Amino acid sequence: MTIPFASESLYINGDPQPLSDLNIYMTFKTDDPSKCSGGGSSNQCEVKVKSYSYNERHKYENDEWKQNISFPVYSQDTDGYVINSQMTLRLNTGGTNGVGSKIFEHVSLPDISIISFSPHRSYQCHIPGEFINYRNQHQLQWIQSKHHLCIPSYDGPWCVCAVAARAGRDVFVIDLCGENKVISYELCEDNVLKVTKIYDKYYKIYFPTGTSLAIYIMDWNGHYNIDLEILPSAMDVGNADGLCGYFDGVRENDFRRRNSTITDNIGLTSPNGFSESWKYVSIFGFKTIY
């Protein structure tokens, strides 16, 4: 849909009246119209299209006025386990001044649907070892984990007992696998990885791209297991892989192995070949993450 726009040049008693710029607002369909979030978020919710008087009408031909206007949109962290893969945006014009400009005000463009990331796919990875859960090599961002027995007296299943997050030359580690517990920065040279302690057993890690990691520590009578929740960002699309899948919006290739091959059926409940491909053999100090 195209909205024709031109500003009237109005004079009253020989005095030129203020021009009316055109404001364009973005909201989410399920949103309170007064807010710019809901199923997603944006740092920019309004743009203003400049208007010119009749004597300055030649300025409509310059490159500055003809430039494209962008609304950056991000998936919103709702502290849940599922991220919405589809958002609906709505663009509206605002109010205008003057009688002649009324045809441009409160015009709604057709809804815009945005589909992001792959549809949800669950599977089990109950094998011991150290794994790459998430890797974005373009942004130098990694999340690595280590498994131990969920219940020591049983032969299985296996749960996460340690996690390391890396952004550039920053590495934060929570290691609760052995007797010596570690919760600290192992490397902090770029100062781009933000770690927030929400409360005693809940940490939130924010990467510079907007990707986030929630860490929930569970105490089973002195035996600690960890739940991880990774929320991707726009910079991960087509760039991130690992145990959490390949982020490109295609469900069928989420079991892409570390060597970029796809041999595991997407319907498998325990694709151990896929999981083994993301295993790291190292001393857990996350030296390999560097």
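Preceding block: the structure.
We now turn to the structure provided with this report. Everything numeric in this text was worked out from a predicted model, so none of it was measured. (Residues numbered from 1 in each chain as written. Predicted model: local features only at pLDDT ≥ 70, side-chain atom pairs only at ≥ 80, totals over all residues. Heavy atoms only, no water.)

Counted according to the given criterion, the structure contains two disulfides. Paired by a disulfide, Cys-150 and Cys-159 hold their sulfur atoms 1.8 Å apart. Judged by the sign of its S-S torsion, about 100°, the cystine formed by Cys-150 and Cys-159 is right-handed. Here Cys-150 falls in the buried class, since its relative accessible area comes to 5%. Paired through a disulfide, Cys-161 and Cys-177 show a sulfur-sulfur distance of 1.9 Å. A torsion of 85° about the S-S bond marks the disulfide between Cys-161 and Cys-177 as right-handed. Of this pair, Cys-161 sits in strand β9 (residues 158–167) while Cys-177 sits in the loop between β10 (170–175) and β11 (182–188), placing them 16 residues apart in sequence. Residue classification places Cys-177 among the partly exposed positions, given a relative accessible area of 24%. (Disulfide = S-S within 2.5 Å. Buried < 20%, exposed > 50% of the residue type's maximum accessible area, 1.4 Å probe, protein only. Helix = DSSP H or I, 4+ residues; strand = E, 2+ residues; numbered from the N terminus.)

Side chains bearing opposite charge may pair, as long as their charged atoms lie close to each other. If you walk through the whole model with that rule in mind, you get eight salt bridges. A salt bridge links Glu-189 to Arg-169; the shortest N-O distance between them is 3.7 Å. One end of the pair, Glu-189, is in the loop between β11 and β12 (194–199); the other, Arg-169, is in the loop between β9 and β10, with 20 residues separating them in the sequence. A relative accessible area of 46% means that Glu-189 is categorised as partly exposed. (Salt bridge = Lys/Arg side-chain N within 4 Å of Asp/Glu carboxyl O.)

Here strand β14 (residues 212–220) pairs with strand β15 (residues 223–231) via nine bridges, running antiparallel. Along β15, the bridge assignment pairs Ile-215 with Leu-228. Hairpin remark: β14 followed by β15, antiparallel, with two residues in the connecting loop; positive phi at Asn-221, about 55°. (Pairing = 2+ DSSP bridges.)

With 20 residues, the main nonpolar core has Ile-174, Ile-205, Phe-207, Leu-213 and Ile-215 as its most contacted residues. Counting residues per element, this core draws most heavily on β9, at four residues. Excluding anything up to four places from it in sequence, Ile-174 contacts Cys-161, Ala-162, Val-163, Val-182, Ile-183, Tyr-203, Ile-215, Ile-217 and Ile-226. Membership of the second largest hydrophobic core comes to eleven residues, among which are Ile-127, Phe-131, Trp-142 and Ile-266. (Core = buried A, V, L, I, M, F, W, Y, C linked by side-chain atoms within 4.5 Å. Contact = heavy atoms within 4.5 Å.)

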